Structure formats: structure tokens, C-alpha cells
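Residue strings, one per chain:
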Amino acid sequence: MIGASGTNHPVSRPTPGQTIGPFYGYALPYEGGPDLVPKGHPDAIRLHGVVLDGAGAPVPDALLEIWQADRTGDVPRKAGSLHRDGHTFTGWGRASTNNVGEYSFTTVMPGAPFIAMTVFARGLMNRLFTRVYLPGAADPFLLSLPPDRRETLVAEKDAGGLRFDVTLQGDRETVFITYPGHS
Amino acid sequence: MEQKSRTHTAVRPNVVVVTEAVRASSDAAATTQAEIGAEIAAIAATRTGEETQPRLDYAPYRSSILRHPTKSPYQADPEAVELFAPVFGPQDVDPLEADLTIQHLGEPIGERIVVTGRVTDGDGKPVANQLVEIWQANSAGRYLHQRDQHPAPLDPNFTGVGRCLTGPDGTYRFTTIKPGPYPWRNHVNAWRPAHIHFSLFGSEFTQRMVTQMYFPGDPLFGLDPIYQSIVDPAARDRLVATYDHDVTLPEVATGYRWDIVLTGGHRTWSESA
Ligand SMILES: [Fe+2]
């Protein structure tokens, strides 16, 4: 709530967010959205998981976006995420959950501790931000979390790459992140 | 739950299924607008100061009940990728995608409108060359989406999806059709005010947002739990476009202006702190 403190007021008040609603499915997802690299790429890994609600039920109408560094840790500054050309790594992807709440990205292991993630869903009033930490990664933010919450941000290594579940509510609730100036 | 109601389905073959689905669905189907209105008013009364975003925990929108986090978020200083945004360019978006009235052989039915405005960050800096995506119902209030079963006509000449890149000063501009209000199944006789969904990127990952733009003077504002989930009236007013005669094109389209302010950028944030 820095904006309310008086000293750091933005010039203008932010436009509020709203739920993505039930009908984004024919507008936002697109062919190739989940594939930051082609599935056959020699460095390709799969980042996948399930989105769950407070009753442990899968959320079939969620949309996830990821944004990440390349394998060397550089932040990509290249265009071309909507029309994938098959060789440019742009660092950004978008995936819908399927009818059992599963999502799947094809990407590379970043040369950085985490992949940034945004979560949207019908019934979720505003987007949520989180981080997908690589197994074994540590940074001051992750270490500042209570251990039982910390593990919700750490992906699990599996045969194809990384598994990361998003739990919107409840005991296993994922740690969601705000940034200074957000309220 | 949030599938649209179909009250005029008597002649449709699947009416039995739909009716049972309504009966089987929870209290939502039996809740009246007056009851939802009382919940909205009770929550509004809990506001003690300025709020700039919707409440995540907002039970009048029934689908939010199991989908809002109950634990406090943790504040992080944005790092590395979070201080940058994905880049989109001309290879991603064709300029023609900003005109939703020319995507088919014929012209869509409805009131043709121009919607334009600027995307800036909280410090007033334009967000240039960035992707804006929109989607909306047609003039009869129907989406071209298989889950939308509202018995209003589809328009073979209207898809309702558009994209553009902002200009150097942050300006976006779409030509489209004014969407109709539509019913949904949050409660009995629930209707959404007419709106256009907007998806926006900033110059940092932290500024990513999805929202909805409304039209001035909509009589459904007070009744809609999604609009009212922004409990501060000053904040929800910021989602309402302004009619602007300078945007109106003679004999072509009426014009609306809607400026979008993203949360402040953090690279500039630390400089100004
Ligand atoms: Fe909508």
C-alpha cells in the first residue's frame, strides 16, 4: 500500500483489474502459445501441473502465462511470441488448463532461480502473480517464507522436466506475490 | 455455474437437460437479485478508505468463493525478468486485427463504434509498442464461444476478437460493434452490463492485467457483482469509457475514449522513491 502512504503516490490511480470471465477461450489462447521452444528442441523441457480450487477440484477454465530468462540467464528482448518462428526464444508463453485442470508448457530450463507466472481464471476477480522456483534454487525472497509455504513455490523435477501445481485456496495454497505499489 | 441462463428454451430439444442442471445447481440458481444486492451493500459498507482493485474474496460473485486465496500475499521486490515485459512486434499483430468489423465477408449487425485511449503507467509514461487484446459479445449479447448458450443470435459477420499494438504515445484504437448486455447464472435474472474485455501488458511483468471496459450510464451497474467487486466507487468509475464526439467519425461510428493506467513501474519507482 505504498500508494496510500502519501509519499510515493503515483501520478494517476491505476485502472482496476477484473476477472477474465468464462469466455476468453476463443480469444486469448492460440496455436503455439504454450510452446516457447518446439517440442523437439534438444533443450526442451516440459513445465506442467494442475490448477486446483479450495475444494481440491481442478479448475478447467484457468489461463496461465510464464515469462522467463533463457538458458544463460539473459532476459529475452525479442518479439514473436504470437507467431512462433520455430527458432526465436522470446521467453513468454500462454497456456489454458484442460477439462481436468492440467496445463503444459514446452520451454527451456532458465539460467535463473525462477520463472515468473501469472494466473487468471473465471471466478478469480483479478490476476495473481507467483514464481516457479527451480528445484534446489534459493534466493532471499524464497528463504524469507515459512518452510511449509515455501515448498508451494518450488517445482518438482520429473521425467520430462518440471511439475508445478497452482492451488488457489486452502492448506496447500500457493504463495502469491504482490509488488511494491500494488494494493 | 456461470453458464448463461436460458429462459426461452421451451422449443429447444435439450431443454430438459438444461432445466435439471439449473435445479441441481446450488443456491446460486435460487438466489434473488435483491439478496445479491443486500450482500453487495453489506460488503460496500465495510470499506474504510481508498481501494484501487477488486476484492478477491467477493462472495456475491459465486464462482469466486472457492477460487480466491485466503492467505495474505507476500510482497517481493521485482527482480530480473519481473522488471521487463515480453516484447511483441509487427510479426505478431496485423494492423487489420484492430478492426473487428472487417473480419468476415459481410458487415456485422449493430452500432459501430471506435474505442480508443492511451495506456500509461502510474507515472504517466506511455506504454509504447505493447500488445492490447480485446474480446466481447456481439450486439445481441452473444459470444462466439461454445460455452455461451444464451439464446440470442450469433452474427456470422462478427467474431468479437481484436488485437493491436500501442503507438509511441501509448495509444490503442479499435473499431468494433457495441456489445449487448447478457444474462448469466450467478443468481436469478442476473445480467452483465455491456462490456469489452481488455488484456494489457506494461513495460514490466508486474504490470500485467486483464480488465473490462464499460459504457457510460449502464442501468445494470448497481446490480452486477463483477463490477461491484471493486467496492470503491472512484475506482470502478475508472472502468467506464467516456463518449467523445471528437472520436466519433461522421456517418461511420460513434466514439468512446478510455484511458488505461497500469500500476507504477519499479525501475522508475525506485528513482522517485
Ligand atoms: Fe463478458
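Every chain is numbered on its own, with residues counted from 1 as its sequence reads. Chain A is the first chain written and ligand 1 is the first ligand written, with later ones labelled in order. Only residues with pLDDT of at least 70 get local features here, since the model is predicted, and only at 80 or more are side-chain atom pairs given and counted; chain-wide, interface and lining totals rely on the full set of residues. Values shown for side chains rest on all heavy atoms present in the structure; no hydrogens or waters enter the calculation.

*Asks:* Would you mind showing me how to read the overall build of chain B here?
*Replies:* Each helix and strand counted, chain B has five helices and 12 strands in total. Relative accessibility thresholds used throughout: buried, under 20% of the residue-type maximum; exposed, over 50%; partly exposed, between the two (1.4 Å probe, protein chains only). When the 273 residues of chain B are sorted by exposure, 54% land in the buried category. Long-range contacts, defined here as pairs at least 24 residues apart, represent 72% of the contacts in chain B between residues at least 6 apart. Summed over its atoms, the accessible surface of chain B is roughly 11700 Å², and 58% of this surface lies on carbon and sulfur atoms. Strands here are runs of E lasting at least two residues and helices are runs of H or I lasting at least four, both read from the DSSP assignment and numbered beginning at the N terminus. Two residues qualify as a contact provided that any one of their heavy atoms is within 4.5 Å of a heavy atom in the partner residue. Per-residue and other accessible areas follow the Shrake-Rupley method at a 1.4 Å probe size, with only the shown protein chains counted as cover for residues.

*Asks:* Looking at this model, I keep getting lost on the pattern of salt bridges. Mind explaining?
*Replies:* Here a salt bridge means any side-chain nitrogen of Lys or Arg lying within 4 Å of a carboxyl oxygen belonging to Asp or Glu. On inspection of all chains with the given rule, the structure shows 21 salt bridges over all chains. Two residues, aspartate 61 of chain A and arginine 67 of chain B, come together in a salt bridge whose shortest N-O distance is 2.8 Å. In this pair, aspartate 61 of chain A is assigned in the loop between strand 1 (45-52) and strand 2 (62-67) and arginine 67 of chain B in the loop between helix 2 (33-44) and strand 1 (74-75), connecting two distinct chains. In this structure, glutamate 133 of chain B and arginine 94 of chain A form a salt bridge, with 2.8 Å as the shortest nitrogen-oxygen distance. With glutamate 133 of chain B in strand 3 (residues 131-136) and arginine 94 of chain A in strand 3 (residues 92-96), this residue pair bridges two chains. Each member of the pair, glutamate 133 of chain B as well as arginine 94 of chain A, carries the same accessibility label: buried.

*Asks:* Hey, could you run me through the coordination of the iron ion in this one?
*Replies:* Ideal geometry at a metal gives 109.5 degrees between four tetrahedral donors and either 90 or 180 degrees between six octahedral ones. Residues and elements named next belong to chain B. The protein atoms that coordinate the iron ion are Tyr143 (OH), Tyr182 (OH), His195 (NE2) and His197 (NE2), at distances spanning 2.0 to 2.2 Å. Written as a sequence motif, the donor arrangement for the iron ion is Y-x38-Y-x12-H-x1-H. On the criterion of sequence distance, the pair formed by tyrosine 182 in strand 6 (residues 182-184) and histidine 197 in strand 8 (residues 195-200) is long-range, its members being 15 residues apart. On the basis of relative accessible area, histidine 197 is assigned to the buried category, the value being 2%. Donor selection uses N, O and S atoms within 2.8 Å of the metal (3.2 Å for Na, K and Ca). Since no water is included, sites may look incomplete.

*Asks:* Just checking my understanding: could you explain the interface of chain B and chain A for this structure?
*Replies:* The figure often quoted for interface size is the accessible area lost as the parts come together. Contacts between the two partners involve 85 residues from chain B, matched on the other side by 75 residues from chain A. Where chain B abuts chain A, roughly 7300 Å² becomes buried across the two surfaces, and 59% of that area is made up of carbon and sulfur atoms. In this assembly, chain B and chain A are joined by seven salt bridges. Put simply, glutamate 65 of chain A and arginine 208 of chain B hold a salt bridge, and the shortest N to O gap is 2.6 Å. Any pair of N or O atoms that falls within 3.5 Å is considered a polar contact. Within protein, one atom must be able to donate a hydrogen and the other to accept it, and sequence-neighbouring residues count only if both atoms are side-chain atoms. Where chain B meets chain A, there are 41 residue pairs in polar contact (both at pLDDT 80 or more). Element by element, the count of residues in the side of chain B that touches chain A is highest for strand 9 (residues 209-214) of chain B, at five residues. Each residue is assigned to one of three groups, with Ala, Val, Leu, Ile, Met, Phe, Trp, Tyr, Cys and Pro labelled nonpolar, Asp, Glu, Lys and Arg labelled charged, and all others, Gly among them, labelled polar. Class assignment for the residues of the side of chain B that touches chain A results in 43 nonpolar, 23 polar and 19 charged. Here's the idea: put two parts together, see how much 1.4 Å probe accessible area each one loses, and the total over both is what we call buried area.

*Asks:* Help me understand the UniProt feature "domain: Intradiol ring-cleavage dioxygenases" (unreviewed entry) in chain A, please; the structure alone is not making it clear to me.
*Replies:* Per the UniProt record, "domain: Intradiol ring-cleavage dioxygenases" (unreviewed entry) is found at residues 38-112 of chain A. The distance from the first to the last C-alpha atom of residues 38-112 of chain A is 21 Å, and the span holds 0% helix and 33% strand. UniProt positions are given in the numbering used here, feature names are shortened, and annotations may be inferred rather than shown by experiment.

*Asks:* Honestly, the environment of glycine 21 of chain A in this entry has me stumped. Any pointers?
*Replies:* Mapped onto the elements, glycine 21 of chain A comes out in the segment before strand 1. When the C-alpha atoms of glycine 21 of chain A and leucine 124 of chain A are compared, they prove to be 8.2 Å apart, with 103 residues separating the residues in sequence.

*Asks:* Would you take a moment to explain the pairing of strand 2 (residues 112-120) of chain B for this structure?
*Replies:* Working note: regular strand, side chains alternate between the two faces of the sheet. All names here are of chain B. Among the nine residues of strand 2, seven are classified as buried, and the element is accordingly described as predominantly covered. Looking at chain direction, strand 2 and strand 5 (residues 171-177) are connected through seven bridges and run antiparallel. The partner of threonine 116 across the bridge, within strand 5, is arginine 173. Strand pairing follows a simple DSSP-based rule, namely that at least 2 bridges must link the two strands. Pairing between strand 2 and strand 11 (residues 254-257): four bridges, direction parallel. Following the sheet pairing, isoleucine 113 is matched in strand 11 by threonine 254. The pairing of strand 2 with strand 12 (residues 260-261) spans two bridges and is parallel. When the sheet's bridge partners are listed, threonine 120 is paired in strand 12 with valine 261.

*Asks:* Sorry if this is basic, but what is going on with the sheet that holds strand 8 of chain B here?
*Replies:* Within a sheet, adjacent strands bond to each other through the backbone by hydrogen bonds, running parallel or antiparallel. Residue and element names in this part refer to chain B. Judged by pairing direction, the sheet is antiparallel, and its four strands sit side by side in the order 4-3-8-9 without closing on themselves. Each having just a single partner strand, strand 4 (161-165) and strand 9 make up the two edges of the open sheet. Taken over all neighbouring pairs, the strand axes of this sheet differ in orientation by 20° on average, direction set aside. Inspection of the sheet shows strand 3 paired to strand 4 by five bridges, in the antiparallel sense. Paired with leucine 131 across the bridge in strand 4 is leucine 165. Each axis is a line fitted through C-alpha atoms, and for a helix only the stretch in contact is used; angles between axes span 0 to 180 degrees, taken between their N-to-C directions.

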